[in-house]
Amino acid sequence: MTLQTPDHDEAHGGGLGSRLNWLRAAVLGANDGVVSTAGLVVGVAGATDSRATLLTAGLAGLLAGSMSMAAGEYVSVSTQRDSEKAALALEKRELATEPQAELRELTELLEGKGLGPELAREVAEQLTVHDALRAHAEVELGINPDDLTNPWHAAGASFLAFTAGALLPLLAIVLPPTGQRLWITVVAVLAALALCGWTSARLGSAPVGPAVLRNVAGGALAMAVTYAAGTLLGAVGA
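The residue numbering used here restarts from 1 in each chain and proceeds along that chain's sequence as written. The predicted origin of the model limits local features to residues at a pLDDT of at least 70 and limits the giving and counting of side-chain atom pairs to 80 or more, whereas totals for whole chains, interfaces and linings rest on all residues. Values reported for side chains reflect all heavy atoms of the structure, with hydrogen atoms and water molecules removed beforehand.

Asker: Help me understand the overall build of the protein, please; the structure alone is not making it clear to me.
Answerer: For the purposes of this entry, the term helix denotes a DSSP run of H or I that reaches at least four residues, the term strand denotes a run of E that reaches at least two, and both are numbered from the N terminus. Along the backbone of the protein there are seven helices and zero strands. Its helices and strands taken in sequence order, the protein reads α-α-α-α-α-α-α from the N to the C terminus. Buried residues are those whose accessible area, probed at 1.4 Å on protein chains only, stays under 20% of the maximum for their type, while exposed residues exceed 50% and partly exposed ones sit between those limits. Here the protein, with 238 residues, has 30% of them falling under the buried criterion. The long-range share in the protein, meaning contacts at least 24 apart out of those at least 6 apart in sequence, stands at 69%. Of the roughly 14000 Å² of accessible surface on the protein, a fraction of 63% belongs to carbon and sulfur atoms. Note on definitions: a residue-residue contact is assigned when non-hydrogen atoms from the two residues lie within 4.5 Å. Values of accessible area rely on a 1.4 Å probe in the Shrake-Rupley scheme; residue burial ignores everything except the protein chains shown.

Printed below as a string of structure tokens:
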């Protein structure tokens, strides 16, 4: 009799967590683009109904926000990459000068993960023979030497995610007729925020309802505050 293994779609491999983190960061970047640009253009709409003014303000906010996100992500990830490279360099020096101490350290780390002393020692020795630096990087530091964080990728992803999110409120406020643009923008923004909340919750295996509610409520509050401020400033200016 032939035994068959049932098919399943479960993903394996160390890259899964990294891919989910990147996807979650993209969703959050798009969410930031939606909220910040919506708040800006709705606030301006409270002061004026000039399409040219709304377009100028929206584009300025989109470019400023996307560049700020990209620069901040580049600096942050560059710092992380530098720290990873420094940790790997230190580990390489220690392996060269104190190999036995490093072997004992690796053994203790494996014991801490649940292996018995003898098995931990055997596994540590085999890992050391195969690739000592990789073994210590992964077990001790939690770093994959072949997959260090890339600041350019992070900056580009943040720029694109923010831009994609910001385009929705910008187009919603400038394309419709004057009398309809505000409510169309509000509905479009709240729908997009609900989708972002749902997606982020699913990616993090969290309850969907609270995530969607928080996202929608935060966006609604931001637009209400900026619209009230814009209306007040427009009245004062008039």
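Resuming the write-up.
Asker: What is the right way to read the confidence of the model for the protein from this model?
Answerer: Interpreting fine coordinate detail is not advised for predicted regions of low pLDDT. Per-residue confidence for the protein averages 84 on the pLDDT scale, and 90% of its residues sit at or above 70. The pLDDT score gives, residue by residue, the confidence of the prediction method on a 0 to 100 scale. Low pLDDT, under 50, characterises residues 1-14; the stretch is placed with one contact to residues that sit more than four places away or in other chains.

Asker: How should the packing of helix α2 (residues 51-97) against helix α4 (residues 117-141) be read in this particular structure?
Answerer: To characterise two packed helices, one gives the angle between the axes of the helices and the distance between these axes. As a packed pair, α2 and α4 sit with axes 10 Å apart at the nearest point and diverge in direction by 125°. The pairing of α2 with α4 is recorded here as oblique in orientation. Pair α2 / α4 crosses with right-handed handedness. Facing Ala 87, Leu 88, Glu 91, Lys 92 and Leu 95 of α2, the residues of α4 in contact are Ala 132, Leu 133, His 136, Ala 137, Glu 140 and Leu 141. Simply put, an axis is a line fit to the C-alpha atoms, just over the touching stretch for a helix, and the angle between two N-to-C directions goes from 0 to 180 degrees. An angle below 35 degrees is treated as roughly parallel, one above 145 as roughly antiparallel, one from 65 to 115 as roughly perpendicular, and anything else as oblique. Handedness of each helix crossing follows the sense of rotation of the near helix against the far helix: counterclockwise by less than a right angle gives left-handed, clockwise gives right-handed.

Asker: So what exactly am I meant to see when it comes to the side chain of Thr 107 here?
Answerer: Tracing the sequence through the fold places Thr 107 in helix α3 (residues 99-112). A residue is classified by how much of its surface remains accessible, and Thr 107, at 6% relative accessible area, is buried. Those residues within four positions of Thr 107 in sequence are excluded, and the remaining contacts are Pro 117, Ala 120, Arg 121 and Ala 124.

Asker: Explain the environment of Glu 138 to me, please; I cannot follow it from the model alone.
Answerer: With respect to the helices and strands, Glu 138 occurs in helix α4. The class for Glu 138 is partly exposed, based on a relative accessible area of 39%.

Asker: Is there a simple way to explain a nonpolar patch on the surface in this structure?
Answerer: By definition, no residue in a patch forms a salt bridge, and every one has over 30% relative accessible area; like charges are joined within 9 Å, nonpolar side chains (Val, Leu, Ile, Met, Phe, Trp, Tyr) within 5 Å. What makes a salt bridge here is a side-chain nitrogen of Lys or Arg within 4 Å of a carboxyl oxygen of Asp or Glu, nothing more. Together, Tyr 74, Val 75 and Trp 152 make up an exposed nonpolar region whose accessible area comes to about 350 Å². Assignment of secondary structure puts Tyr 74 in helix α2.

Asker: Can you help me understand the packing of α3 against α4 in this one?
Answerer: Packing of α3 against α4 brings their axes to within 8 Å, and their N-to-C directions diverge by 110°. As summarised for this structure, α3 and α4 are arranged roughly perpendicular, according to the angle between their axes. Contacts from Gln 100, Glu 102, Leu 103, Arg 104, Glu 105, Leu 106, Thr 107, Leu 109, Leu 110 and Glu 111 of α3 reach α4 at Pro 117, Ala 120, Arg 121, Val 123, Ala 124, Glu 125, Leu 127, Thr 128, Ala 135, His 136, Val 139 and Glu 140. Under this grouping Gly is polar, as are all residues other than the nonpolar Ala, Val, Leu, Ile, Met, Phe, Trp, Tyr, Cys and Pro and the charged Asp, Glu, Lys and Arg. Among the residues forming the contact of α3 with α4, the class breakdown is 11 nonpolar, four polar and seven charged.

Asker: What am I meant to see in the pattern of salt bridges here?
Answerer: Should their charged atoms come close, side chains of opposite charge can pair. Going through the model one piece at a time under the given rule, you end up with three salt bridges. Notably, a salt bridge pairs Glu 125 with Arg 121, separated by 3.1 Å at the nearest N-O pair. With Glu 125 and Arg 121 both in helix α4 and four residues apart, this pair spans about one turn of that helix. In this structure, Glu 138 engages Arg 134 in a salt bridge whose closest nitrogen and oxygen atoms are separated by 3.3 Å. Of the two residues, Glu 138 and Arg 134 are both situated in helix α4; the distance of four residues between them amounts to about one turn of the helix. Classification of Arg 134 by relative accessible area gives partly exposed; the value is 22%. Residues joined in a network through salt bridges with shared partners are Asp 131, Arg 134 and Glu 138.

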